[in-house]
Each structure stands twice: as structure tokens, then as C-alpha cells.
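# Structure assessment
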Amino acid sequence: MAQYRVTWEQKSANNPNAKTGSRHSTTVQASSIMDAKAKVMQRIPTSIKVVNMTASKMG
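Keep in mind the model is a prediction, meaning the values are calculated, not measured.

### Description of the sheet that holds strand β1 (residues 2–12)
The 3 strands are arranged β2-β1-β3 in an open sheet whose pairing can be described as antiparallel. Both edges of this open sheet fall to β2 (22–30) and β3 (48–57), since each of them pairs with a single strand only. Looking at each pair of strands side by side, their axes are set apart by 25 degrees on average, direction ignored. As judged from the 8 bridges shared by β1 and β3, these two strands associate in the antiparallel manner. By the bridge assignment for β3, Y4 is matched with K57.

Calculation notes
- Residues numbered from 1 in each chain as written.
- Predicted model: local features only at pLDDT ≥ 70, side-chain atom pairs only at ≥ 80, totals over all residues.
- Heavy atoms only, no water.
- Pairing = 2+ DSSP bridges.
- Helix = DSSP H or I, 4+ residues; strand = E, 2+ residues; numbered from the N terminus.
- Axes fitted to C-alpha atoms, helices over the stretch in contact; angles between N-to-C directions.

These values are about where atoms sit, not about what they do.
Written out as C-alpha cells, the structure reads:
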């Protein structure tokens, strides 16, 4: 498995029209970019709206 750096911006589901969101990033081990994004999405609560998620292979 390869390591992927996943970055995303999240907004509160209560106020989805807010202009600014908080940026987050993490490193996960996965077999593909889609798998890396899916692993991160599983960790995020459903009350959080995720936008602009990107993943890139490290190394």
C-alpha cells in the first residue's frame, strides 16, 4: 500500500453558506486515491460538509 496525503475543507452542515471553512489534511495508507478519500470520509462525522477534497501520492 502507498501513502496518500488527503486535504479537504469542511463546513458546518448547519451553515453551509458560510464563506470560509476550516482546512484539514491527513496521511493515510491506501491502494488508490479513491480508497484514500473513502477512508478519510469514513472518519468525518455526517454533520460536517466536506468540499474540495484532494489526494496525492507521497513519495
